[in-house]
Structures are given as structure tokens and as C-alpha cells.
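# Structural overview for review
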Amino acid sequence: MFDVMATESIITNERVDDIPVLLTQIERMGVQKLIDKNFPTHGNWRGQSLGNVVVIWLTHILSQADHRLNQVQAWAGKRLETLKKLIGESLNELDLTDDRLEAVLRYLNCDENWYAFEEELGSNLLQVYDIKPERVRLDSTTASSYCGVNTEGLFQWGHSKDHRPDLAQVKIMLSTLDPLGMPIATEILSGEKADDPLYIPAIERVRSTLKQPGLLYIGDCKMASMGTRTHIVSGGDFYLCPLNAKQTPTEKLREYLQPVWDGKQELTTINYDYADGKTREIAEGFELKLLQKEKINEQEISWEERQLVVRSYAIAQTEEKYLRERIQKTVHALEQLKIPKRGKKKLTSFPEWELSVAEILKRYRTGGLFEIDIQTQRVEKVKRQYGERQSQIIEEVSFNLDFKINEDAVKQQVQLLGWRVYVTNETEANLSLKQAVRAYRDEYLTERGFARLKGFPLSLTPIYLQREDHITGLIRLLSIGLRVLTLLEFQVRRHLDKNQEKLAGLYAGNPQRKTARPTAEMLLAAFKEITLILIEVNNEVYTHLTTLSPLQQRILVLLGFPPTIYTQLSGQSFTPE
């Protein structure tokens, strides 16, 4: 009986999945060393270094799309042998308790240390991946929380980009590098702040990291304030952004477009190369030049600014569709105003009719597009004698509403749809009209980063944490995760583009479909279901790893990772603790 028991084997398994890929990528970025260098820990800190804990937690977040602190220890416990082999045999589950992770967030909350880390990380990544910075995009977003408002803290009421005005929010400003969408600088601010003043500090953070003049900063209309543009010019850089409605009122836009309507201004057609390999015409426009003069510290500076007047076909079509819909809703509402109904208030005076019509036009934003005629009718009637009441003549007043669509006004408004004015101080030789429109159109790169940060896979929202220092630390941690994703994607796409290749096998249900622009999420998903089997016999543990598929091996080649990051886990034997 004893001999039988001695030869019985115990078989367990661990899900390896994309863990080696993520750990290798984070190691190549130098995150662990830079964390340990820039965030000195307290003398009582024991176990794995702060950098190693950050690396393992980031791996969990990216692999599981879950940033919750209380999930990491159990996740690591189910993959402990895999993590020990890749991180170090001294790794213990207790290195990843939620108390330890809270301490990590408090360290990351230190502004001085974070700025030094982020600056050094950005400089290192440019060298490691041979990235030549040319364009930087600036934009902000908000993240909402149920933690409530702190009058002197980060979470405040403000304009919600999550469409949740009922929740307190924090504001996040990202400066990202084209064409990766990789963050260079991250700013976390209280949720009530306007976007306009955030751009100059963000630009200074980028300058301190890249230490390179001549960059093109791209942003939305909130970056178009004259103060921000002047600051960019004074630093030897360039800007590209649209002007807002106040900077280009309707009268000014009509003045710009009148030569176009008169046939005196030639338009340049702008096309765009889509990911599917097709080229389509997306816009048309022309440009004007003017001299800008501003003072900085009592010193006047001047520069030539190009104003790019551009009409987007898609925006013009969409806006005209909505305009027609608003006009039809206005017609319906005015018709209903004329029909008396039970329980409906009767309009008994001319001012009441005027006010009701004005409210409808305001509601649907169709003022000036209708010709309104409210007619007053007065009729005298004889009220017969009844009992002791004498007969009398009374006047009844009624109103009739006539209206029609002012087609000329509608035509004039349609002519303005889709037009927008962009400004830049970059020369035409370096940034033509077509190149400028295409560059701004790539604004989706920043929005995609925000979608990853707040949704899958970084999953910032909903924010479960309550303490603001923990939330600040978490946002900074996730911004490192965003860098991991963008660099994974960048490496594979660069190699595919260099060799004029496409990668097949990433699309579920269509393994023959190929792409030259795989996403990081698709690449990581290709490593799912890789399993490490552990067989314990006679106090010896033997390991076997799922064989890598040709697709997985190809992705490793594109990333420049050796297959040994996986194969080192297989075929080993050791004595369990």
C-alpha cells in the first residue's frame, strides 16, 4: 500500500496565457528599475521591491482587464510557479496583498518622484525603440466616481465627458506621441477645471522630457487660445488646432467663403488613406495667411500664421441631415400649437402666441429659418338678454398662426455646414493643407487611448477606490499600462510595414483574414489558453507547457522576443517547498 501511495502523482495546472509577453515587454521598457530608482521605499519595506510589485500588478491588469486590488493576490497564487520562474524564486503571495498594493499607490502619488520617473521613462523609451518625435497630441478627459465631492480635493462637479453630470469627477490631461498614441506626460487635476489653462503646463512637461524644439503640437479648439499659441511659438515649436465659434463667428466665416461662392477661390480636394487600403475624398479647402503679433514679458514677437478653411464632406452631410430633421420637428410643433385639445392651455393673447412660437424655434435651433405670421381676428357679437341681464355687444378675439420655411435662409445655412478654420504656424513646405487635415483627423489616436484607459483593458472606470492619493496613484499606474499597449502595437506594426507583410489568424471565425495593423489587444488575446501543467511524483515536480502555435511564434518574432520566454517554463523539474 505504501509503495502505491509513493508513486501516485499530483497534477495541477497554471494559466500562463500572455504573462511572459507582458513581463518581457515591461522589462524591456525598464519600468522596474526606474520605479526602484525614483521611488525610494521606507526601511520597513520587505519582500519584492516596489518595482517588481508594480510590474506584476501591471501584468495582472493588462492580462485580466481588472485593476481591483483584492484580485491580484488570488490571481498570482494560481500562477505562482510561472511568476517565480519569470520574476524570481523569492516571490510570495504576500508580496501582492491589497495592503501592499495600497502602499504602491501612495508611493506613485508623490508628484516630485512621479515627474522624475515619467521624464526618465519617456527619454529611455525614445532611445530603446528608436522613436523620432515629431508630433505631440494634447487632450483631456474626465473620470467619474461615486466617492462624492471634496471641496478642496480632486473630485469636483464639472462638465462631464462621460455624460454623468450627477457624479463627481477628476480630470486627466494626456500628452501623447504620434503615431503611437504613447503618453509622454500625464496630468491629474480637479474635475471642475477648464481645459484651456491646462495646455501650457502640459507642453512644458513634454518639453522637459523630449528636450527637442520644432515639435508640432496638435489639439482641439481649447488649445487655440492666443496665449497657448504664443507660448508654443516662443518655445520654437509649432501648433495645429481648429478655432472655436467665438474666434470664427458666422459673419467672419461668410467673409472667408464669399470668394468660394462667387467662384473666385479655388478649392483643394483632400483625400485620406484608410486602413482597408482604400483612398477616399474626405474634404476640400483653401488657406489664408496673416501676421500675428503678441507680447511676452513686454517683448513683442510676430509670426506668420496660416488659416486653413476646410469643409468636411461627412460633417456637412451629417449636419444637413440634422438640420432638416430639426426643421421638420419645428413644423410639427408649430402645427400642433394651432390645434386646440382638452387639457391644453389656450393662448389668449398675442404675446402668449409670440412666446410659444419663440420657445419652439429656440428648442429646435431653427430661429431665422421660418417666416412667422400671427394674425389677430376680432369679431363683435351680440349677447342676448337673459332674465335681468341686458343684451350687450362683446368682442371675441382669436388668433391664427401661418408659417412657412424660409428656403433662402436654409440655403445660406446649408452653405456654411461642415466648414471649419484651422490655424498653424508650420510652413507649407513641411505641412501642406492636405497633410494638416490628415494630421488633425488622426485625433482618434488620443481618443483611443482614453477609451483604453477608461474601458477595456485598463478599466479605470468605474473607480472603486475612495482615497484621492490612491486614485492618483492608480491613474498613473494605468498610464504606464497604456504605454505598454501602445509599444506592443507599435513594434509589430513597424515590422509588418517594413517587410510589407500582413498577419493572419487574429480574427475569431475568420482565420484567413489578414491585417497589417493588429491591435495590442488582439495580439495578447492570441496567447490565451497557454497552460503550464505541473506533475508531482515522488516529491519531484515536472512541468510541461502547451506547445506554441505558429501564430504565437510569429508574434514573438515580430516583437523581437525569444521563444524561450515561454519554453523555459517547460521540461524543468524541482523539489516543491
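Refer to the structure presented above.
Now for a quick tour of the structure.

### Description of the layout of surface pockets
The gaps of empty space that remain are located by a probe, the size of a water molecule, rolled over the atoms. Quantified by volume, the largest pocket comes out at close to 1200 Å³. Looking at the lining of the largest pocket, the elements that each hand over two or more residues are strand S7 (268–273), helix H15 (433–441), helix H16 (444–454), helix H17 (468–498) and strand S14 (514–515). Per-element accounting of the lining of the largest pocket gives the leading share, seven residues, to H17. Residues that form the lining of the largest pocket fall into these classes: 14 nonpolar, six polar and 19 charged. Looking at the lining of the second largest pocket, the elements with two or more residues in it are helix H11 (250–261), strand S8 (279–296), strand S9 (299–312), helix H12 (313–338), helix H14 (407–416), strand S12 (419–424) and H15. When residues in the lining of the second largest pocket are grouped by element, the largest group, five residues, is from H12. Class assignment for the residues of the lining of the second largest pocket results in 18 nonpolar, six polar and six charged.

### Quick word on helix H3 (residues 31–38)
Along H3, the residues that are buried comprise Val31, Leu34, Ile35 and Asn38. One side of H3 carries all its buried residues, which in axial view fall inside an arc of 100°. When the buried face of H3 is taken as reference, the exposed residues oriented beyond 90 degrees from it are Lys33 and Lys37.

### Brief notes about the packing of aromatic side chains
Taken as a whole and assessed by the stated rule, the structure comprises nine aromatic pairs. Taken together, the aromatic side chains of Phe39, Trp114 and Phe117 make up a single cluster linked through ring pairs. One cation-aromatic arrangement involves Arg100 over Trp45; the distance from NZ or CZ to the ring centre is 4.1 Å.

### Things to note about the sheet that holds S7
Strand order in the open sheet made by the nine strands is S4-S3-S2-S5-S6-S12-S9-S8-S7, with mixed pairing throughout. Where the open sheet ends on each side, the last strands, each with one partner, are strand S4 (182–190) and S7. Sheet twist, expressed as the mean angle between neighbouring strand axes with direction ignored, is 30°. Two elements, strand S2 (residues 135–145) and strand S5 (residues 216–218), share three bridges in a ladder whose sense is parallel. Its bridge partner lying in S5, Val136 is registered against Tyr217. Across the sheet, helix H8 (residues 111–128) is in contact with strand S3 (168–177) and S4; its angle to S4 comes to roughly 160°. Each of S2, S3, S4 and S5 touches helix H9 (residues 199–210); the most contacted strand, S4, lies at about 145° to it.

### Remarks on empty space enclosed by the protein
In this structure the tally under the stated criterion is two cavities of 30 Å³ or more. In this structure, the largest cavity occupies an estimated 50 Å³ of space. Counting only elements with at least two residues in the lining of the largest cavity, the list comes to H16 and H17. A total of four residues in the lining of the largest cavity trace back to one element, the largest contributor, which is H16. For the lining of the largest cavity, the residue count by class is three nonpolar, three polar and two charged. Of the pockets and cavities examined, the second largest cavity occupies roughly 30 Å³. Lining the second largest cavity, in full, are Leu240, Leu308, Val310, Tyr422, Ala436, Val437 and Tyr440. Looking at the lining of the second largest cavity, its residues break down into seven nonpolar, no polar and no charged.

Calculation notes
Residues numbered from 1 in each chain as written. Predicted model: local features only at pLDDT ≥ 70, side-chain atom pairs only at ≥ 80, totals over all residues. Heavy atoms only, no water. 1 Å grid on protein atoms, 1.4 Å probe; cavity = no way out; pocket = protein on both sides within 12 Å on 5 of 7 lines; lining within 4 Å. Points joined across faces, edges and corners; volume = space filled by probe spheres on them. Helix = DSSP H or I, 4+ residues; strand = E, 2+ residues; numbered from the N terminus. Nonpolar A, V, L, I, M, F, W, Y, C, P; charged D, E, K, R; others polar. Buried < 20%, exposed > 50% of the residue type's maximum accessible area, 1.4 Å probe, protein only. Arc of directions from axis to C-beta. Phe/Tyr/Trp six-rings, centres within 6.5 Å; stacked < 30°, edge-to-face > 60°. Lys NZ or Arg CZ within 6 Å of the ring centre and 35° of its normal. Pairing = 2+ DSSP bridges. Axes fitted to C-alpha atoms, helices over the stretch in contact; angles between N-to-C directions. Contact = heavy atoms within 4.5 Å.

Honestly, that's just the spatial picture; any functional story needs more than this.
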